[in-house]
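Residue-level structure breakdown
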Amino acid sequence: SLARSGQTSMIVIDELGRNISTLLSEFRSEGVYTIEFNTTQLRAGTYYVRLDQGGAVSTKKFVIVK
């Protein structure tokens, strides 16, 4: 959910801070979006999704268990 329009990026990061995947890097209007990400190629572990919209940054953690 984006509260305002602007340049938006969303990346997946591993525990060591390495960029695993760039899910989004473009201008987006305010609104609600759904982005699908296939995790079958990732190893079990902890990862983070970082959403940056014009300096407003939000990070969420997710865990893959296999």
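Residues numbered from 1 in each chain as written. Predicted model: local features only at pLDDT ≥ 70, side-chain atom pairs only at ≥ 80, totals over all residues. Heavy atoms only, no water.

**Quick look at the pattern of salt bridges**
Under the definition given, this model contains 2 salt bridges. Measuring nitrogen to oxygen at the nearest pair gives 2.7 Å for the salt bridge that ties Asp-14 to Arg-18. What makes Asp-14 buried here is its relative accessible area of 9%. A residue is classified by how much of its surface remains accessible, and Arg-18, at 48% relative accessible area, is partly exposed. Across the pair Arg-28 and Glu-26 runs a salt bridge whose closest N-O atoms are separated by 2.7 Å. (Salt bridge = Lys/Arg side-chain N within 4 Å of Asp/Glu carboxyl O. Buried < 20%, exposed > 50% of the residue type's maximum accessible area, 1.4 Å probe, protein only.)

**Here's the deal with the side chain of Thr-46**
Here Thr-46 is to be found in strand β3 (residues 45–53). The exposure class of Thr-46 is buried, given its relative accessible area of 17%. Ignoring sequence-local partners within four residues, the contact set of Thr-46 consists of Asp-14, Glu-15, Lys-61, Phe-62 and Val-63. (Helix = DSSP H or I, 4+ residues; strand = E, 2+ residues; numbered from the N terminus. Contact = heavy atoms within 4.5 Å.)

**Some details on the environment of Glu-15**
As for its position among the elements, Glu-15 is in the loop between β1 (6–14) and β2 (19–28). The sequence separation of Glu-15 and Lys-61 amounts to 46 residues, and the corresponding C-alpha distance is 9.9 Å. Every residue in contact with Glu-15, bar those within four places of it in the chain, is listed here: Thr-46 and Tyr-48.

**Brief notes about the confidence of the model for the protein**
Per-residue pLDDT for the protein has a mean of 94; in total, 100% of the residues score no lower than 70. Confidence, read as mean pLDDT per element, is least for strand β4 (residues 56–64) in the protein (95) and greatest for β1 (97). (pLDDT = per-residue confidence, 0-100.)

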